[in-house]
Amino acid sequence: QVQLVESGGGLVQAGGSLRVSCSASGGTFSSLAMGWFRQAPGKEREFVAGIRWSITYYGDDAKGRFTISRDNAKNTVYLQMNSLKPEDTAVYYCGAYSAYNGDLRGVSGYDYWGQGTQVTVSS
């Protein structure tokens, strides 16, 4: 069983930056692919970024603005968010994907989820 805890959310002005973190425990972190998703009220959960080994993936809205990275020694995955827009406002969730193959952009493949951290971007 894997436990995931997000942190680092908060309120930021449009155009600003924020880094959210996801700390994992209870599993072999380096064996897990990790992803970031976000969900705004009334919206579907949306893929933001994913990482498997050293390969990264980004959703269309994130590419060019956000960067996913991981520190296996700290069992932590990060999402650096720059040039934030009000439409980035959402609860940001990290997920763990245990299978060695599969599309990280789909929510159905993730085995574990954190509780989420709120990111609010003001205009």
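Peer 1: How should I be thinking about the overall build of the protein in this particular structure?
Peer 2: A tally of helices and strands in the protein yields zero helices and 11 strands. In the protein, the order of α-helices and β-strands from amino to carboxyl end is β-β-β-β-β-β-β-β-β-β-β. Relative to the globule expectation of 14 Å for 123 residues, the C-alpha radius of gyration of the protein, 13 Å, shows essentially globular dimensions. When the backbone C-alpha atoms are referred to their principal axes, the protein occupies close to 40 × 25 × 25 Å. Out of the 123 residues belonging to the protein, those deemed buried represent 41%. At a minimum sequence separation of 6, the contacts of the protein that also span at least 24 residues come to 60%. Of the roughly 6200 Å² that the protein leaves accessible, carbon and sulfur atoms contribute 46%. For the protein, the distance from the average position of its 11 positive side-chain charges to the average position of its 10 negative side-chain charges is 4 Å.

Peer 1: What is the right way to look at the sheet that holds strand S1 (residues 3–7) in this model?
Peer 2: Strands in a sheet are paired, the pairing made by backbone hydrogen bonds, and the direction either parallel or antiparallel. If you walk across this open sheet you meet the four strands as S1-S3-S8-S7, and the pairing is antiparallel. Edge positions in the sheet fall to S1 and strand S7 (66–71), since each of these pairs with one other strand and no more. Taken pair by pair, the neighbouring strands of this sheet meet at an average axis angle of 15°, ignoring direction. Summarising the sheet, S7 and strand S8 (residues 76–81) pair through six bridges and their orientation is antiparallel. Residue pairing in the sheet places Asp71 in a bridge with Thr76 of S8.

Peer 1: What should I look at first to understand the state of the cysteines in this one?
Peer 2: Note on terminology: a disulfide is the covalent bond linking the sulfur atoms of two cysteines. Evaluation of the coordinates by the stated rule reveals one disulfide. One disulfide bridge connects Cys22 with Cys94, the sulfur atoms lying 1.9 Å from each other. Negative torsions about the S-S bond denote left-handed disulfides, and the value of about 50° found for Cys22 with Cys94 makes this one right-handed. Of this pair, Cys22 sits in strand S3 (residues 18–25) while Cys94 sits in strand S9 (residues 90–97), placing them 72 residues apart in sequence. Taking the relative accessible area as the measure of exposure, Cys94 reaches 0% and is therefore buried.

Peer 1: Would you mind showing me how to read the environment of Leu18 here?
Peer 2: Within the element layout of this structure, Leu18 appears in strand S3. For Leu18, a relative accessible area of 16% corresponds to the buried category. Spatially, the C-alpha atom of Leu18 lies 12 Å from that of Thr117, the residues being 99 residues apart in sequence.

Each value, and the rule that gives it
Residues numbered from 1 in each chain as written. Predicted model: local features only at pLDDT ≥ 70, side-chain atom pairs only at ≥ 80, totals over all residues. Heavy atoms only, no water. Helix = DSSP H or I, 4+ residues; strand = E, 2+ residues; numbered from the N terminus. Rg over C-alpha atoms; globule rule 2.2 N^0.38 Å. Buried < 20%, exposed > 50% of the residue type's maximum accessible area, 1.4 Å probe, protein only. Contact = heavy atoms within 4.5 Å. Areas by Shrake-Rupley, 256 points an atom, 1.4 Å probe, with all protein chains shown as cover. Lys, Arg positive; Asp, Glu negative; His and termini not counted. Charge placed at Lys NZ, Arg CZ, Asp CG, Glu CD. Pairing = 2+ DSSP bridges. Axes fitted to C-alpha atoms, helices over the stretch in contact; angles between N-to-C directions. Disulfide = S-S within 2.5 Å.

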